[in-house]
Amino acid sequence: MSTDVLHDDFEEKPYWWDAAPVRRGDLPDLPARADVVIVGSGYTGLSAALTLARAGREVVVLDRDAPGAGASSRNAGYVGTALLAPFTKLLAQHGAAKAVAYYGQAKAAFDYTTTLIEREQIRCQYNRSGRIYWAYTQRQLDGLALEFTNLNTHLGKEGRILRGDEIAMECGSELYCGGLLIPETGALHPALFLGGLIERAEAAGASIIGETEVLGIAPATGGHRLETARGNIEAKNVIVATNGYTGRSTPWFQRRMLPALAHMIATEPLDPGLVKKLLPSGRTNLDARSTFHYWRGSPDGTRLLFGGRTGLSASDPETSARAGHAEMAEIFPELEGARITHYWNGRLGLTRDHLPRIGLKDGVHFAMGMNGAGLPMGTYLGHKAALRVLGDGASTTEFDALTFKTIPFYTGNPWFVPTLARLERLKHLLERPPPKTAA
Ligand SMILES: Cc1cc2nc3c(=O)[nH]c(=O)nc-3n(C[C@H](O)[C@H](O)[C@H](O)COP(=O)(O)OP(=O)(O)OC[C@H]3O[C@@H](n4cnc5c(N)ncnc54)[C@H](O)[C@@H]3O)c2cc1C
């Protein structure tokens, strides 16, 4: 019997694409002009397209890859109410009023997204699963307890610290000494959500065109001219929604957006009893250690989907999958023999202060810097960017006034990200308790 952890059908492909494949080929001609051209067809671009098309604007969304093939069909599907920067950190950095305002935006993004799913009847297996942040050490648990006290005091957030017997009721790993449960959050199938947005935006009249890279944006009479790999297109307004995939064609944004790779694997279908043991309550999970692991069940409850090694560069898919498997088996020794069917990665888009950005630069609108929380935040800020184009007063957000600073030493080659990620991993190795092995 083979002991390889890779399944015979192993492939480098997001697990999500099995149920919702991305659309390639059969490209329509590029129109000569549009009211609004949106660069990037993830949640941000599509949400903007939906709002603009419903307001009667002629909208063209361009993507260099297949529509939605960026992070929006590759993520873990967590629908959260938090930002990457912990609330406690924002309190210390910006004071209570600003910290409350920024986290208020995260909750507004959650509310906007879940209401949209309901209003548009998007069938994306959304459920209000709740989320748990897990701690390896007492120091991490104390940090989570402080975070919860601050969230509760300043935002009235509900939740509770899990200790003792409660841990086993929520998690099949013996590695953790406690956790923080935030029940208000949810989970969905990210590619089905994306497909729903594409369908609704197209039904409203938007043209969504993949495999058409925007090579440059220049001012032109009455707006802008976009040079693309398939010809030029003119637009009165442009929205750049490229987040972690922001590149050379928009150099001002590129210098402000740091890409970091995030890696995920899916197991083969597991014994239902084992899934129940590992994920007793079916919630989404994150661990508080610096290497940033996350895991959840597949929406059909048969597999474990595991993310980690964030920031590390991609080696070949098989090596990356094996490395992911080893980290998963460290947390869940019962999965030592579980084989991996899918490995994939995608790019997070980080800003210097880990807060999102929305605004106007040289007449070009933008919404980016989702910092790993763009499922709700991109959907929300895409809508807000569309309202800006429409001149609607409801477009304001708490992020409008933030200056958009460059990333130090970064001009387009994120060579130092894997090094920083390796240092974080080293910190974790020094801090963690010894891993337990299967009996
Ligand atoms: C593995 C992983 C797990 C994650 N888990 C979660 C999670 O559970 N919850 C959550 O909230 N967030 C999560 N995220 C982050 C989330 O996926 C992103 O924040 C979100 O999808 C960003 O959406 P977006 O539309 O702004 O960008 P994207 O979906 O990345 O779309 C940007 C698009 O721009 C296109 N593009 C770039 N340059 C050009 C150009 N010059 N011309 C044309 N097109 C261009 C790209 O091809 C890409 O399709 C995760 C991300 C990854 C990678």
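Structure: above.
Residues numbered from 1 in each chain as written. Predicted model: local features only at pLDDT ≥ 70, side-chain atom pairs only at ≥ 80, totals over all residues. Heavy atoms only, no water.

**Quick word on the sheet that holds strand β6 (residues 160-162)**
The condition that has to hold: Two strands form a pair only when DSSP identifies at least two bridges running between them. Secondary structure elements are defined from DSSP: runs of H or I of at least 4 residues count as helices, runs of E of at least 2 residues count as strands, and each element is numbered from the N terminus. The angle between two axes is taken between their N-to-C directions and runs from 0 to 180 degrees, where each axis is a line fitted to C-alpha atoms and a helix contributes only its stretch in contact. Contacts are assigned to residue pairs with any non-hydrogen atoms lying within 4.5 Å of each other.
The nine strands lie next to each other as β1-β17-β13-β16-β15-β14-β5-β7-β6, forming an open sheet whose pairing is mixed. Looking at strand neighbours, the two that pair on one side only are β1 (6-12) and β6, the edges of this open sheet. Ignoring which end each strand starts from, the neighbouring axes of this sheet average 25 degrees apart. Note that β1 and strand β17 (residues 340-350) share three bridges and pair parallel. Counterpart to Leu-6 in the pairing with β17 is Ile-340. In the packing of helix α4 (residues 138-155) onto the sheet, contacts are made with β5 (131-135), β6 and β7 (178-182), and the angle to β7 comes to roughly 25 degrees.

**Regarding the site of the ligand**
To keep things clear, this is the line we draw: We call a residue near a molecule or strand as soon as one heavy atom of that residue lies within 4 Å of the molecule or strand. Any N or O atom pair separated by 3.5 Å or less is treated as a polar contact, with the protein-specific requirement of one donor-capable and one acceptor-capable atom, and with residues adjacent in sequence counted only for side-chain atom pairs. Ten residues, namely Ala, Val, Leu, Ile, Met, Phe, Trp, Tyr, Cys and Pro, are considered nonpolar, four, namely Asp, Glu, Lys and Arg, are considered charged, and the remaining ones, Gly among them, are considered polar.
In the neighbourhood of the ligand, 37 residues make up the surrounding shell, with Thr-44, Asp-63, Ser-72, Tyr-78 and Leu-375 lying closest. In the environment of the ligand, a nitrogen atom lies 2.9 Å from a nitrogen or oxygen atom belonging to the backbone of Tyr-78. Within the side chain of Ser-249, a nitrogen or oxygen atom sits 3.2 Å from a nitrogen atom of the ligand. Going through the elements one at a time, α1 (43-54), β13 (258-267), β17 and α10 (374-389) are the ones with two or more residues in the shell around the ligand. Partitioned by chemical class, the residues of the shell around the ligand number 17 nonpolar, 14 polar and six charged.

**Concerning the pattern of salt bridges**
Worth spelling out the cut-off: By convention in these notes, a salt bridge is any Lys or Arg side-chain nitrogen within 4 Å of a carboxyl oxygen on Asp or Glu. Partly exposed residues are those whose accessible area sits between 20% and 50% of the maximum for their type, while under 20% is buried and over 50% is exposed, using a 1.4 Å probe and protein chains only.
For the structure on display, the rule yields 21 salt bridges. Glu-202 serves as the salt-bridge partner of Arg-23, at 2.9 Å between the closest nitrogen and oxygen. One end of the pair, Arg-23, is in the loop between β1 and β2 (33-39); the other, Glu-202, is in helix α6 (residues 190-203), with 179 residues separating them in the sequence. We note a salt bridge from Arg-200 to Glu-120, for which the minimum N-O separation is 4.0 Å. Note that Arg-200 is positioned in helix α6 and Glu-120 in the loop between α3 (96-119) and β5, a separation of 80 residues in sequence. Given the relative accessible area of 16%, Arg-200 is considered buried. Since its relative accessible area comes to 10%, Glu-120 is described here as buried.

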